[in-house]
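Here is what each chain is made of, one letter per residue.
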Amino acid sequence: MGYESLSSEMDWICADAWKLTLGQSMFFVGSVIGTLTLGCLADIVGRLPILIVANLIAMAGNLLTILGTDLTLFCIFRLISGFATDSNFVMMYILVMEYMRPSLRTLGLSICIGMFYCLGSMAAPWIAVLTGSWRGFLLSTSLPLLLVPLFYLVVPESIQWLIATQKYDKAVSCLKRVARFNGKEVEESAFEEFIEECKYSQQNQKASPHLLHLFKTPRLRRHTLILFFKSMVITLCYDAVSRNVQGLGISPFLMFSLSATAILPACLLIIALQDRIGRKAMASVSLLLSGVFISGTGGLLFAASASSKTTKLLVSLSVIGRFGVTVAYNSGAQYATELIPTCVRGQGVAAVHVAGYAFTFFSAYILFTRSIFSPLPEIILGVLSLLGAGLCLLLPETLNRTLPTSLDDGENFGKNDRWYSFSFLEKRTQSATTLATQNAKMPSDSSVYF
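Residues numbered from 1 in each chain as written. Predicted model: local features only at pLDDT ≥ 70, side-chain atom pairs only at ≥ 80, totals over all residues. Heavy atoms only, no water.

Under the counting rule described, the total for this entry stands at two aromatic pairs. Directly above the ring of F191 sits K176, whose terminal nitrogen or CZ lies 5.4 Å from the centroid. (Phe/Tyr/Trp six-rings, centres within 6.5 Å; stacked < 30°, edge-to-face > 60°. Lys NZ or Arg CZ within 6 Å of the ring centre and 35° of its normal.)

Okay, structure coming up:
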C-alpha cells in the first residue's frame, strides 16, 4: 500500500534485521522499568499526575524516535517511549475503577476499553497507510497527546487514593466537584461526617506501605502470587496466539484491523456476564476456555498447514483466538485491580503487568518446541491456562463488595470464601433460603390471601 517502514528506510533487513529486534527489545526494557517506577510514584503523588506524565513521556519518546537515524539513538529513544507504554493505560484503568461504585465497575471499565481501544486499534493501521511512512505515523499519533494535560481541568484525582493518603480536604473538594457536575446538593454536615468516618477507619493504619508489604501476610501474599501467575499465563498466551498467525497471506494492515474487531465483542461479553456470575467465575472460566480454544486453534492451524491452508480459515481462527484471550485478559485485569488494596494499588497493578510482560520472553522458546513435537506449544499453553484457572478458584470474590483500602483490609478480604464459593451460587442460595422462609411462614389455608 505504499507504506515505507523503518526497516525498509534504514535497510535493516536480512543480515541487519537484528537491529530492529534490538530496538524493540529496548522498548520492552523501558516498559518494565517505567511501569514499576511510575506505579510506585502513582501511590506517592497521585494517579492523575502520573497519567499525564506517562502520556507526555510516550509522546516525547515517539517524537524523538523520528530523529533516531542510527541504531544507538533508536534504542535510546525506544527505551524512553517504552518507559510509559503501560502506565498510561494502567493509570486510566485505576482512575476509572476507583470512581465507580461496585455495580458499575465492569460497565465503566469495559466501555472504556471495548469502545475506545477497539476504535483506536482498528484505525491505527489506516492512519499509517494515509501518512505513508513510519515517521508520519509516529507524528500523527503522538501530537494529540499534547491535549492530555487538559485532563487537570476535567478529571478529578482519585478519591480513594486521597483517603488512603489521609488528604481528606482534597477528597471532599473532589466530591463537591462531582456533586456540582451531577447537579446534586449535599449538606456540609455530610462531608464532615464523611471525614470523621475516614479518620476513624484509618487511625490504626500504618504509614507509607509499599509493594513488598503485599508479601508480608499469608493471605495477601497468596493472592498476590496468584495474580502474578495469572497475568503471566494470559499475557504469554496472548503473545503466542499473535505469533502463531504470522504469514496469513493478506495485508498486515487489514489483518490488524480484523483482529482488533474482537475487542469490543469481548468487552460486551464481560459486561453481560461478569456482574452476573462474578469475577472469580469469569476469570476461571475464561482461562479454562481460552486454554482449550488455543489448543484447538493450534491443532486446526497444524491441520490446515498440512492440507489445504486457506487464508479465510486462518484469519477467522486468528480473530476468534483474539476474542477468547481478550476476554481472559480484560476480566483478569479488573480482578487484579479490585483485589490489590488502594494504598499500594498503583505499585501492585504495575508489578502484575510487568510480570506478565516479562513472561512473554519465553513465548518464542515455547513456539520453538514445535520443531521437537508439533502439538507441544499448544500442550504447554493449555496446561498453563488450566493451572491458572485452578489457582483463580483460590481468590476471593470482589463483586458488589467494598474494595480493600489498607493492607489489613486486603489480608481479611473474603476471609470466609471457599474455593467453590461463587457469586451466582450465593445469589441462588439466598433466593432459595428467602423462598423457604416465606413458605414456612405461610398459613396452611392459603385462601386467606385471595
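A word on the pattern of salt bridges. Applying the stated criterion to the full structure yields four salt bridges. The partner of R47 in a salt bridge is D43, with the nearest N and O atoms 2.5 Å apart. You can call D43 buried: its relative accessible area is 8%. Across the pair K176 and E188 runs a salt bridge, and its minimum N-O distance is 3.2 Å. Taken as a pair, K176 in helix α10 (residues 168-181) and E188 in helix α11 (residues 188-201) lie far apart in primary sequence, 12 residues in all. Residue classification places K176 among the partly exposed residues on the basis of a relative accessible area of 28%. (Salt bridge = Lys/Arg side-chain N within 4 Å of Asp/Glu carboxyl O. Buried < 20%, exposed > 50% of the residue type's maximum accessible area, 1.4 Å probe, protein only. Helix = DSSP H or I, 4+ residues; strand = E, 2+ residues; numbered from the N terminus.)

This part covers the packing of helix α6 (residues 105-131) against helix α7 (residues 134-142). Running from N to C, α6 and α7 point in directions that differ by 125°, and their axes come no closer than 8 Å. Between α6 and α7, the interaxial angle falls into the category oblique. Judged by the sense of rotation from one axis to the other, the crossing of α6 with α7 is right-handed. Listed contacts from α7 to A124, I127, A128 and T131 of α6 are G136, F137, S140 and T141. (Axes fitted to C-alpha atoms, helices over the stretch in contact; angles between N-to-C directions. Parallel < 35°, antiparallel > 145°, perpendicular 65-115°, else oblique. Left-handed = near helix turned anticlockwise from the far one by under 90°. Contact = heavy atoms within 4.5 Å.)

It is worth spelling out the nonpolar core at this point. Residues M91, L227 and I340 are the most contacted members of the largest nonpolar core, which totals 51 residues. Inspection of this core shows a minimum of three residues originating in each of domain 1 (1-155) and domain 2 (207-430). Setting aside anything within four residues of it in sequence, one finds L227 in contact with A336, L339, I340, V352 and L395. (Core = buried A, V, L, I, M, F, W, Y, C linked by side-chain atoms within 4.5 Å. Domains from an automatic or database assignment.)

This part takes up the confidence of the model for the protein. Regions with low pLDDT carry predicted coordinates that are not meant to be interpreted in detail. Looking at the protein, the pLDDT average stands at 78 and 85% of residues meet or exceed 70. No element of the protein has a lower mean pLDDT than helix α21 (residues 423-441), at 53, and none a higher one than α7, at 91. Residue range residues 434-450 is modelled with pLDDT below 50. Its contacts to residues more than four positions away, or to other chains, number three contacts. (pLDDT = per-residue confidence, 0-100.)

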